[in-house]
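Given next are the chains, with one letter for each unit.
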Amino acid sequence: ELLYEVETVLLADPTLFLRIEGHTDSAGSDELNQRLSEQRVAAVISQFDSKVRSRLIGQGFGEKRPLPSMPSTDPYNRRVEMIRVDPSAATQ
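This report concerns the structure included in the present document. Since we're looking at a predicted model, the values are computed, not measured. All residue numbers refer to positions counted from 1 along the written sequence of the respective chain. Selection of residues for local features in this predicted model requires a pLDDT of at least 70, selection of side-chain atom pairs for listing and counting requires 80 or more, and totals for whole chains, interfaces and linings are taken over all residues. In computing side-chain properties, one takes all heavy atoms of the structure into account and sets aside hydrogens as well as water.

Some remarks on the overall build of the protein chain
As a reminder, the rule being used: Under the scheme used here, helices are H or I runs from DSSP no shorter than 4 residues and strands are E runs no shorter than 2 residues, and both carry numbers assigned from the N terminus. The rule is simple: take the accessible area with a 1.4 Å probe, protein chains only, and divide by the maximum for that residue type; under 20% is buried, over 50% is exposed, in between is partly exposed. For the area figures, the Shrake-Rupley method with a 1.4 Å probe applies, and any residue is considered shielded solely by the protein chains shown.
The helix and strand tally for the protein chain stands at three helices and three strands. When the helices and strands of the protein chain are placed in sequence order, the string is α-β-α-α-β-β. Expressed as lengths along the three principal axes of its C-alpha atoms, the size of the protein chain is roughly 40 × 30 × 20 Å. Residues counted as buried form 32% of the 92 residues belonging to the protein chain. Total accessible area computed for the protein chain in this model is approximately 5800 Å², and 54% of it derives from carbon and sulfur atoms.

A closer look at the packing of aromatic side chains
What counts, and what does not: Ring pairs are drawn from Phe, Tyr and Trp, using the six-membered ring of Trp, whenever the two centres fall within 6.5 Å, and their geometry is named by plane angle: stacked under 30 degrees, edge-to-face over 60, tilted for the rest. Whether a charge sits over a ring comes down to the Lys NZ or Arg CZ being within 6 Å of the ring centre and within 35 degrees of the ring normal.
Here the structure, examined in full by the defined rule, presents zero aromatic pairs. Stacked on the ring of Phe-61, the Lys or Arg Arg-65 has its end atom at 4.0 Å from the ring centre.

Considerations on the pattern of salt bridges
Heads up, the rule is: By definition, a salt bridge exists where a carboxyl oxygen of Asp or Glu is found within 4 Å of a side-chain nitrogen of Lys or Arg.
All chains considered together, the criterion is met by four salt bridges. Its salt-bridge partner being Arg-19, residue Glu-21 comes within 2.7 Å of it at the nearest N-O pair. Given the relative accessible area of 3%, Glu-21 is considered buried. The class of Arg-19 is partly exposed, set by a relative accessible area of 25%. Its salt-bridge partner being Arg-79, residue Glu-81 comes within 2.7 Å of it at the nearest N-O pair. Given the relative accessible area of 13%, Arg-79 is considered buried.

Describing the nonpolar core
Defined as follows: Put simply, buried Ala, Val, Leu, Ile, Met, Phe, Trp, Tyr and Cys residues joined by side-chain atoms within 4.5 Å make one nonpolar core. We call two residues in contact whenever any of their non-hydrogen atoms come within 4.5 Å of each other.
By size, the foremost hydrophobic cluster in this structure holds twelve residues: Leu-3, Val-6, Leu-10, Leu-16, Leu-18, Ile-20, Val-41, Val-44, Ile-45, Phe-48, Val-52 and Leu-56. If sequence neighbours within four positions are ignored, Leu-3 has contacts with Val-44, Gln-47, Phe-48 and Met-82.

Okay, here's the thing in structure tokens:
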């Protein structure tokens, strides 16, 4: 499973920090989509061992960042992305 593999890398490298971003399609209200994207982030972060959660920075974007090649209504915009970030980002 992908999350297990990511967790293994995080456990092996204590200098690694990730930003977990949640996204939605444009179906529904802005408020609903923002909440859904934040719930996606929380669901992913909750799957990680508590030893690495402090190095995960969660952010929900709602429908604000659709995939460039997809219409904003496309279900593929319902996604979570993991991005490596500088450790200083954790304190901002």
